[in-house]
Amino acid sequence: MNSNLIDEYFVAYTVKTRGNDKELRYSKVALRNKVNEEVKMRLGLEYDKER
């Protein structure tokens, strides 16, 4: 997997598999929020279950 900075708000990840490459684009804010909620969940802290 490779990541490329698109601009200050978005990042693109290229997922390479045999015969099928996909480029995924994410908002940095949305990605950060999702990671924060995942960390809280794994640590057993209260988190937003709808994210």
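Values in this document were obtained by computation on a predicted structure and should not be read as measured data.

1. Here we look at helix α1 (residues 28-42)
What sets the pattern is the α-helix's 3.6 residues per turn: residues three or four places apart point alike.
In step 1: Spanning 15 residues, α1 covers 21 Å between terminal C-alpha atoms, matching the ideal 21 Å at 1.5 Å per step.
In step 2: Directly beyond the C-terminal end of α1, a positive phi value near 80° is found at G44.

2. Notes on the sheet that holds strand β1 (residues 2-5)
In step 1: Spatially, β1-β2-β3 is the arrangement adopted by the three strands of the open sheet, whose pairing is antiparallel. Looking along the sheet, the strands with just one partner apiece sit at the ends: β1 and β3 (20-27). Here the strands of the sheet are splayed against their neighbours by 20° on average, with no regard to which way each runs.
In step 2: Pairing of strand β2 (residues 10-17) with β3 involves eight bridges; the strand directions are antiparallel. In the strand pairing of β3, F10 is matched with S27.
In step 3: Of the strands in this sheet, β1, β2 and β3 touch α1, which is tilted by about 90° from β3.

How each quantity is defined
Residues numbered from 1 in each chain as written. Predicted model: local features only at pLDDT ≥ 70, side-chain atom pairs only at ≥ 80, totals over all residues. Heavy atoms only, no water. Helix = DSSP H or I, 4+ residues; strand = E, 2+ residues; numbered from the N terminus. Expected span 1.5 Å × (residues − 1). Pairing = 2+ DSSP bridges. Axes fitted to C-alpha atoms, helices over the stretch in contact; angles between N-to-C directions. Contact = heavy atoms within 4.5 Å.

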